[in-house]
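# A structural walkthrough
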Number of protein chains: 2
Amino acid sequence: MKDITPQQQKVLDCIQVYINKTGFPPTRADICRELGFKSPNSAETHLRALEKKDFISIESGASRGISINNPEIKHEGNEYPIVGLVAAGSPTLASENVEKVLNCPKGFFGSDFDYFLRVRGLSMKDAGIMEDDLIAVKKTQEIKNGDIVIARIEDEVTVKYFQRSAPNIVHLKPANEEFNDIEVNLEETELYIEGKSVGLIREN
Amino acid sequence: MKDITPQQQKVLDCIQVYINKTGFPPTRADICRELGFKSPNSAETHLRALEKKDFISIESGASRGISINNPEIKHEGNEYPIVGLVAAGSPTLASENVEKVLNCPKGFFGSDFDYFLRVRGLSMKDAGIMEDDLIAVKKTQEIKNGDIVIARIEDEVTVKYFQRSAPNIVHLKPANEEFNDIEVNLEETELYIEGKSVGLIREN
DNA sequence: AAATATACTATATATTTATACAGTATAATG
DNA sequence: CATTATACTGTATAAATATATAGTATATTT
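It should be emphasised that the depicted structure is a prediction, and the values quoted were computed from it without experimental measurement. (Residues numbered from 1 in each chain as written. Chains lettered and ligands numbered in written order. Predicted model: local features only at pLDDT ≥ 70, side-chain atom pairs only at ≥ 80, totals over all residues. Heavy atoms only, no water.)

### Considerations on the protein's contact with DNA strand C
This is how the line gets drawn: Consider each residue's heavy atoms; a residue with any of them within 4 Å of a molecule or strand counts as near. Here a polar contact is taken to be a pair of N or O atoms separated by no more than 3.5 Å, where protein atoms must pair a possible hydrogen donor with a possible acceptor and residues adjacent in sequence count only if both atoms sit in side chains. For helices the rule is a DSSP run of H or I covering at least 4 residues; for strands it is a run of E covering at least 2, with both sets numbered from the N terminus onward. Each residue is assigned to one of three groups, with Ala, Val, Leu, Ile, Met, Phe, Trp, Tyr, Cys and Pro labelled nonpolar, Asp, Glu, Lys and Arg labelled charged, and all others, Gly among them, labelled polar.
Close contacts around DNA strand C come from 25 residues, with A:Arg48, A:Arg64, B:Gln7, B:Ser39 and B:Ser42 the closest. Near the protein, meaning within 4 Å, the atoms of DNA strand C are sugar or phosphate in a fraction of 72%, with bases accounting for the rest. Contact distances for DNA strand C include 2.9 Å between a phosphate oxygen and a backbone N or O atom of B:Lys38. Within the backbone of B:Ser63, a nitrogen or oxygen atom sits 2.9 Å from a phosphate oxygen of DNA strand C. Looking at the surface near DNA strand C, the elements that each hand over two or more residues are α3 (40-52) of chain A together with α1 (6-22) and α3 (40-52) of chain B. Counted by class, the surface near DNA strand C contains five nonpolar, 14 polar and six charged residues.

Here it is as structure tokens:
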């Protein structure tokens, strides 16, 4: 796969999030609204770049004719991918990150979810989340204070409690005295919320 | 809500197939082309009917703003009882103790198991076992030191680490500093091992 | 018998949307 | 140093699209 620029990654994520949220792809104007661009041509040029690099396909002439190419692994039926260590900059569900799949009935955790994340480290120990546990992750941007989120800060993936302290300040709080809070200033640092935890499985 | 006419089913299938094929929903004209209609209003009225019956959602004003509402819910695998507070003297799996059943594929936890136990209290907190968690219990007498066991001492059910200290002395150790070890002298006290924990599920 | 839902054709139109064209600016490349 | 890629604003417009309105016809329900 070719290299993607940070802005192009943002646009690609934006398309994925939009599709997850609405069920259909965004227009150029939608992308501008989401990312703060003021000209539809900003979106257009990014889309053309993403198409050239083969990340997306664009159906010429059709409205909303965007589809994502390197399709994230779909859980068909009841198979959910188990994602381990996520390589820096790599889309979470890219096939190289999937260690195996787990068969799990729909509605198992009350809420829908998208994949399992294998936990590394003990930073959420006091929330009963231990090393090697599998967290059921729902890809969503709808996060409330106190939710356990899967966050990406500068290509590092981490599981923490989410707390928005001010419009531009987010605290990612561990559940373990030996770890420190992570304060994220959204104006300085890019924070991407992959989703939130809706359940947990421990195999032993 | 439930009943769908054959034509409406055709339109619904058409939408699903179109999304699978292209990655984005069809326009009215696309549906007409696929199904041989000659007026876009044929598609429109079917879409409105499907929306009214809650099979799809339509984003007003947006092109291709169709999303499918009801994903298929399949029931496969096996039903396992969830056991809550076990009344004194009552057989664990008696029907009055089963709060509900949970559908869970065979081999989910590597090992077979027999039922889920809903955890009360925080005595195993440091082992990542929290209140309301579901422990997958395998009914067995083959216990090794260090296993997490479900034990019954004089009609009280408890979850603890198992440690045999002497032929007739068993220690049931909590994973929480605020709780004390339970020392059981098998000559004095009756100890029944229900089984051991082979997995854990948390719904949140 | 009347009202309602289904199942279409046909035409019209306001709005949405993709996309081209004209610029500005910066960083990397060869 | 010219070229190319990135990263934008701003404006314009042809084409795509949703959707309303006007009909026809059949079956089902009240």
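### Considering the interface of chain A and chain B
The test is simple: Pairs of residues are marked as contacts when any of their non-hydrogen atoms sit within 4.5 Å. The term buried area refers to how much accessible surface (probe radius 1.4 Å) is lost by two components on association, counted for both of them together. Salt bridge criterion: a side-chain nitrogen from Lys or Arg within 4 Å of a carboxyl oxygen from Asp or Glu. Between any two strands, at least two bridges found by DSSP are needed for them to pair.
Taken residue by residue, the interface counts 33 residues in chain A and 33 residues in chain B. Buried area between chain A and chain B, both sides added, is near 2700 Å², and the carbon and sulfur share of it is 53%. At the surface where chain A touches chain B, the tally comes to zero salt bridges. Going through the elements one at a time, β2 (66-68), β4 (98-103) and β11 (191-203) of chain A are the ones with two or more residues in the side of chain A that touches chain B. Tallying contributions element by element places β11(A) first for the side of chain A that touches chain B, with seven residues. When the residues that make up the side of chain A that touches chain B are grouped by side-chain class, the tally is 15 nonpolar, eleven polar and seven charged. With five bridges connecting them, β11(A) and strand β11 (residues 191-203) of chain B associate as antiparallel partners. Counterpart to A:Ile201 in the pairing with β11(B) is B:Ile201.

### Digging into the side chain of A:Thr140
All names here are of chain A. Relative to the helices and strands, Thr140 is located in the loop between β6 (134-138) and β7 (148-153). A polar atom in the side chain of Thr140 sits 2.9 Å from the backbone nitrogen of Glu142. What Thr140 contacts, discounting residues up to four positions off in sequence, is Ile193, Glu194, Gly195 and Lys196.

### Quick look at the packing of aromatic side chains
The line we're drawing: Aromatic contacts are taken between Phe, Tyr and Trp rings whose centres are within 6.5 Å, Trp giving its six-membered ring; a plane angle under 30 degrees counts as stacked, one over 60 as edge-to-face, and the others as tilted. Working definition: with a 1.4 Å probe on protein chains only, accessible area under 20% of the residue-type maximum means buried, over 50% means exposed, and in between means partly exposed.
Per the stated rule, a full pass over the model turns up 13 aromatic pairs over all chains. A ring pair is formed by A:Phe108 and A:Phe109, whose centres lie 5.0 Å apart and whose planes are at 90°; its orientation type is edge-to-face. Residue A:Phe108 shares its accessibility class with A:Phe109, and that shared class is buried. Measuring from centroid to centroid gives 5.0 Å for A:Phe113 and A:Phe116, while their planes differ by 55°, and the two rings are tilted. Counting every residue linked through ring pairs, the aromatic cluster contains A:Tyr80, A:Phe108, A:Phe109, A:Phe113, A:Phe116, B:Tyr80, B:Phe108, B:Phe109, B:Phe113 and B:Phe116.

### Details of the pattern of salt bridges
All names here are of chain B. What the rule picks out here adds up to 28 salt bridges over all chains. One salt bridge connects Arg48 with Glu51, and the closest N-O pair in it is separated by 3.2 Å. With Arg48 and Glu51 both in helix α3 and three residues apart, this pair spans about one turn of that helix. Overall, Arg48 belongs to the partly exposed group, its relative accessible area being 36%. Measuring nitrogen to oxygen at the nearest pair gives 3.7 Å for the salt bridge that ties Glu194 to Arg152. In this pair, Glu194 is assigned in strand β11 and Arg152 in strand β7 (residues 148-153), connecting sequence segments 42 residues apart.

### Some remarks on the protein's contact with DNA strand D
By nearness alone, 26 residues border DNA strand D, and A:Gln7, A:Ser39, A:Ser42, B:Arg48 and B:Arg64 come closest of all. Sugar plus phosphate, as a fraction of atoms of DNA strand D within 4 Å of the protein: 73%. A distance of 2.5 Å is found between a phosphate oxygen of DNA strand D and a side-chain nitrogen or oxygen belonging to A:Ser42. The contact in question runs from a phosphate oxygen of DNA strand D to an N or O atom on the side chain of B:Arg48, over 2.7 Å. Sorting the residues of the surface near DNA strand D by element identifies α1 (6-22) and α3 of chain A together with α3 of chain B as the ones contributing at least two each. The dominant element in the surface near DNA strand D, judged by the number of residues it contributes, is α3(A), at five residues. Its residues placed into classes, the surface near DNA strand D shows five nonpolar, 14 polar and seven charged.

### So, empty space enclosed by the protein
The condition is simple: Here a cavity denotes a set of grid points, spaced 1 Å apart and computed over the protein atoms alone, in which a 1.4 Å probe fits but from which it cannot get out, and a pocket denotes an open set meeting protein on both sides within 12 Å along at least five of seven lines; residues with an atom within 4 Å of a point are reported as lining. Grid points are joined across faces, edges and corners, and a volume is the space filled by probe spheres set on the points.
Per the stated rule, a full pass over the model turns up three cavities of 30 Å³ or more. Of the volumes computed, that of the largest cavity is approximately 40 Å³. Residue lining of the largest cavity: A:Ile129, A:Ile135, A:Ile148, A:Ser197, A:Gly199, A:Leu200, B:Arg202 and B:Asn204, and that is the complete set. Its residues assigned to classes, the lining of the largest cavity comprises four nonpolar, three polar and one charged.

### As for the state of the cysteines
Where two cysteines share a covalent bond between their sulfur atoms, that bond is called a disulfide. Stated formally: Disulfide: a pair of cysteine sulfur atoms within 2.5 Å of each other.
Following the criterion strictly, the structure yields zero disulfides over all chains and no others. Distance from the sulfur of A:Cys14, which forms no disulfide, to the nearest cysteine sulfur (A:Cys32) is 9.3 Å.

### Quick word on the packing of α1(B) against helix α2 (residues 28-35) of chain B
Residue and element names in this part refer to chain B. Operational definition: Here, axes are lines fitted to C-alpha atoms. For helices the fit covers the stretch in contact, and angles between N-to-C directions go from 0 to 180 degrees. Note on angle classes: values under 35 degrees are labelled roughly parallel, values over 145 roughly antiparallel, values of 65 to 115 roughly perpendicular, and the remainder oblique.
It is at 10 Å that the axes of α1 and α2 come closest, and there the two elements cross at 105°. For the element pair α1 / α2, the angle class is roughly perpendicular. From α1, Lys10, Val11, Cys14, Ile15, Tyr18 and Lys21 reach across to α2, where they touch Asp30, Ile31, Glu34 and Leu35. Of the residues belonging to the contact of α1 with α2, the class tally is six nonpolar, no polar and four charged.

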